[in-house]
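# Overview (structure and organization)
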Amino acid sequence: MAIELMMEIENGGCVPLGPATSCDQALALIKETGPDLALLDGNLNGEKIGPVADELARRRTPFAFISGYDREHLPQAHCDRPMLNKPFLSADVRNMLLELAESAKDRVP
C-alpha cells in the first residue's frame, strides 16, 4: 500500500518523503525535512499515530489521515482532520493533496 501511495503522490506532482514505518521514523523525517503537508496512516505497524499528528499540528503542517478503520481509531485531538478511507482511488489522493496544498499556502512559517 505504501508504494502505491508514493506513486500516487508523485503522479500528483508532489515529492514523497517517506514512507515511515514507525512513529520514531516519521518524527525524524518531520524534524529533518519540515514537510509542506503530510498523509498519515492511522496505524504504523501497531503504533498509534498520535505523537506524529501532534508534531505536525504543533508545526502547523496540514495533514490528513489514511485509514482502513473509522475515525474512532484515530487520535481524538485530531478528529477534525480530513481522512481518506482505504481503499482509495487515485483521484481521491490527488484531491486530498490539492486540498492540503491549499491549506499549506495559508501557513505562516
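Quick note: structure is the one above.
Scope of this entry: the structure provided in the associated data block. These numbers were taken from a predicted model, which means no experiment stands behind them.

## Thoughts on the pattern of salt bridges
This structure, assessed with the given rule, holds three salt bridges. Residue Asp41 pairs with Lys86 through a salt bridge whose shortest N-O separation is 2.8 Å. Highlighted residues: Asp41 in strand β1 (residues 38–41) and Lys86 in the loop between β5 (83–85) and α4 (90–105), separated in sequence by 45 residues. Taken together, the salt bridges that share partners define one network made up of Glu55, Arg58 and Arg59.

## As for the sheet that holds β1
Taken together, the three strands give an open sheet; going across it, the order is β1-β4-β5, and neighbouring strands pair in parallel fashion. In this open sheet, the two edge strands, each paired with only one partner strand, are β1 and β5. Pairs of neighbouring strands in the sheet enclose a mean axial angle of 25°, with direction left out of account. With four bridges joining them, β1 and strand β4 (residues 63–67) adopt parallel strand pairing. From the neighbouring strand, Leu39 faces β4, where its bridge partner is Ala64.

## Points about the environment of Met7
Inspection of the secondary structure assignment puts Met7 in helix α1 (residues 2–11). It is 28 Å that separates the C-alpha atoms of Met7 and Glu72, two residues lying 65 residues apart in sequence.

## Considering the side chain of Glu55
On the secondary structure map, Glu55 appears in helix α3 (residues 50–58). The class for Glu55 is buried, based on a relative accessible area of 12%. Reaching out from Glu55, the side chain makes a polar contact with the side chain of Arg59 at a distance of 2.7 Å. Those residues in contact with Glu55 that lie beyond four places of it in its chain are Leu27 and Ile30.

Calculation notes
Every chain's residues receive numbers from 1 upward, in the order its sequence appears when written. At least 70 in pLDDT is required for a residue's local features to be given in this predicted model, at least 80 for side-chain atom pairs to be given and counted, and no such filter applies to totals for whole chains, interfaces and linings, which use all residues. Note: side-chain values were computed over all heavy atoms of the structure, leaving out hydrogens and water. A pair is scored as a salt bridge if a Lys or Arg side-chain nitrogen falls within 4 Å of a carboxyl oxygen belonging to Asp or Glu. Secondary structure elements are taken from DSSP: a helix is a run of H or I of four residues or more, a strand is a run of E of two residues or more, and numbering for both begins at the N terminus. Note: two strands are recorded as paired if DSSP finds a minimum of 2 bridges between them. All axes here are fitted lines through C-alpha atoms, helices being fitted over the stretch that makes contact, and every angle between N-to-C directions spans 0 to 180 degrees. Relative accessibility thresholds used throughout: buried, under 20% of the residue-type maximum; exposed, over 50%; partly exposed, between the two (1.4 Å probe, protein chains only). Within 3.5 Å is the distance limit for a polar contact, defined as a pair of N or O atoms, with the added protein rule that one can donate a hydrogen and the other accept it, and that residues adjacent in sequence qualify only through two side-chain atoms. Note on definitions: a residue-residue contact is assigned when non-hydrogen atoms from the two residues lie within 4.5 Å.

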